[in-house]
Amino acid sequence: MKKFAHTFVLLASAAGSSAYAQSNVTIYGDLDGGIRTQTNANAVGGTKVFMGSNGFYNSNKLDFADREDLGGGLEAHFLLESGFNLATGSYDNTTGTPFQRQSYMGLKGSFGSIDFGRQYTISHDFILEYDPFGFRYTPLIPLTQASSGTRFSNDAKYTGKFGPFKLELENSFGETAGSFNDGSARGVGLQYYVGDLTIGASYNRRSIASGTAFFNENYYLVGAAYNIGALKISGGYMSDTLKNKVPAPDQVTHNTFGGVSWNITELMNLTGGYYQTRVSTDKARRKGLTIVGLDYSLSKRTKLYIEFDNTQYRNAVVSTLNAFGVPDSNAFTFGVNSRF
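Nothing here was measured: the structure is a model prediction, and the numbers come from that model.

Conventions and cut-offs
Residues numbered from 1 in each chain as written. Predicted model: local features only at pLDDT ≥ 70, side-chain atom pairs only at ≥ 80, totals over all residues. Heavy atoms only, no water. Helix = DSSP H or I, 4+ residues; strand = E, 2+ residues; numbered from the N terminus. Patch = residues over 30% accessible without salt bridge, like charges linked within 9 Å, V, L, I, M, F, W, Y side chains within 5 Å. Areas by Shrake-Rupley, 256 points an atom, 1.4 Å probe, with all protein chains shown as cover. Salt bridge = Lys/Arg side-chain N within 4 Å of Asp/Glu carboxyl O. Buried < 20%, exposed > 50% of the residue type's maximum accessible area, 1.4 Å probe, protein only. Contact = heavy atoms within 4.5 Å. Phe/Tyr/Trp six-rings, centres within 6.5 Å; stacked < 30°, edge-to-face > 60°. Pairing = 2+ DSSP bridges.

A. Representation of unusual backbone geometry. Of note in the backbone geometry, Asn40 takes a positive phi value of approximately 50° without being a glycine. Phi at Glu175 is positive, roughly 55°, even though this residue is not glycine. With respect to the helices and strands, the residue Glu175 is situated in the loop between strand E8 (165-172) and strand E9 (185-194).

Here it is as structure tokens:
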């Protein structure tokens with residue numbers, strides 16, 4: 001990884017020296033190491049102690065980014081983002097893809113910004129503002145999995161700001177011969193900022209392959225966030241319907257979430273939230289997660305964190321929601337996170 005990063009910087013510097021505009025490649029990322037203890041971590045009620053190799057508070061990642069001033073208010077930019085396993089140094093994916101998190105480039109100007117490549121979905125962009133934890137503890141809370149695919153490949157996304165409004169539009173190309181719709185995804189989202197209040201909604205529709213057939217998935221999100229001094233109150237609702245072939249019933253997933261974040265001091269933050277997932281075709285029917293987290297800044301880059309969470313299932317049966325068929329589970333996590 002060091003050799004790759006060094007080569008990348010040399011190439012970028014050489015390219016930048018011959019360019020007409022100023023360009024500087026930035027390398028940054030996140031390192032997160034934590035230990036977690038969880039009860040009822042198997043079918044016979046065993047307790048598991050393990051390390052968050054991919055990060056608990058935040059994901060381990062390495063980023064290469066650049067913004068180039070083209071003049072006249074126009075900017076070119078790109079981002080290459082790779083996830084990795086801190087414990088082993090391996091890629092944080094099963095395919096060995098170097099930049100599986102994000103890889104896109106685009107242009108930004110008075111018209112807004114348009115980006116092309118693999119990037120976060122509109123719903124992910126919006127949830128970031130509505131989630132009490134701001135997409136921290138992503139392996140624990142269900143919002144990442146519920147955000148309409150999290151990322152789209154082959155995606156073209158537009159972001160524009162018009163006064164107090166932010167508009168996002170996207171199209172992920174399915175690249176299926178003979179059909180513009182098969183394998184594709186489209187989305188639209190609108191947010192409104194007024195004082196300390198943010199409200200918004202988004203819609204995504206995906207065409208998902210199952211064997212040789214394609215099924216539609218419709219996703220809706222509404223959310224709000226409000227700041228009161230050192231407090232932030234936020235939450236939202238998501239509905240996801242996966243159309244299945246008759247006579248199989250459609251799978252409808254509802255996610256409701258909300259909570260409060262409190263900046264106790266400039267160095268300490270306390271956040272609590274509740275996340276409920278209901279799936280129409282799942283035997284466990286409902287999963288509820290209550291989580292409280294405290295983080296303390298040792299510096300501008302490094303934080304210590306601890307969290308406690310409790311998970312309750314409506315039905316103690318083995319299912320997608322309830323992997324071990326247990327009635328509940330308690331867990332405690334502590335670790336250190338550093339940004340560079």
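B. Fine view of a nonpolar patch on the surface. Together, Tyr226, Ile228, Leu231, Ile233, Val260, Trp262, Ile264, Leu270 and Val292 line one region of the surface with nonpolar side chains, adding up to about 700 Å² of accessible area. Within the residue set of the nonpolar patch, elements represented by two or more residues are strand E11 (213-228), strand E12 (231-242) and strand E13 (251-263). Examined against the element boundaries, Val260 turns out to sit in strand E13.

C. View of the pattern of salt bridges. Taken as a whole and assessed by the stated rule, the structure comprises 10 salt bridges. For Lys157, the salt bridge is made with Asp125, and the minimal N-O distance between the two is 2.7 Å. Placement of the pair is Lys157 in strand E7 (residues 151-162) and Asp125 in helix H2 (residues 122-130), with a sequence separation of 32 residues. Among the ionic pairs, Asp295 bridges to Lys303, the shortest N-O distance being 3.9 Å. What makes Asp295 buried here is its relative accessible area of 8%.

D. Structural context of the side chain of Thr138. By the secondary structure assignment, Thr138 is in the loop between H2 and helix H3 (143-146). Take Thr138: its relative accessible area is 17%, and that puts it in the buried class. Those residues in contact with Thr138, other than ones at most four positions away along the chain, are Phe56, Ser59, Thr144 and Gln145.

E. Structural view of the packing of aromatic side chains. Under the counting rule described, the total for this entry stands at 11 aromatic pairs. Ring geometry for Tyr137 against Tyr305: centres 6.0 Å apart, planes inclined by 75°, an arrangement best described as edge-to-face. In this pair, Tyr137 sits in the loop between H2 and H3 while Tyr305 sits in strand E16 (residues 302-313), placing the two residues 168 residues apart along the sequence. Here Tyr137 falls in the buried class, since its relative accessible area comes to 1%. Ring centres of Phe332 and Phe334 lie 6.2 Å apart, and the angle between their planes is 40°; this geometry places the pair in the tilted category. Its relative accessible area of 38% is what places Phe332 among the partly exposed residues. Given a relative accessible area of 40%, Phe334 falls into the partly exposed group. One aromatic cluster in this structure is built from Tyr57, Phe133, Tyr137 and Tyr305.

F. The arrangement of the pairing of strand E5 (residues 102-109) in detail. Across seven bridges, the pairing between strand E4 (residues 74-83) and E5 is antiparallel. Considered in E5, the bridge of Leu80 is made with Ser103. Sheet analysis places E5 next to strand E6 (residues 112-120), joined by seven bridges and oriented antiparallel. The residue of E6 that forms the bridge with Ser103 is Arg118. Taking the residues that link successive antiparallel strands as the turn, the E5-E6 hairpin has two residues.

G. Spatial organisation of the side chain of Glu81. Relative to the elements of secondary structure, Glu81 occurs in strand E4. Its relative accessible area of 4% is what places Glu81 among the buried residues. With sequence-adjacent residues up to four places away left out, Glu81 is seen in contact with Lys61, Leu62, Asp63, Pro98, Phe99, Gln100, Arg101, Gln102 and Tyr120.

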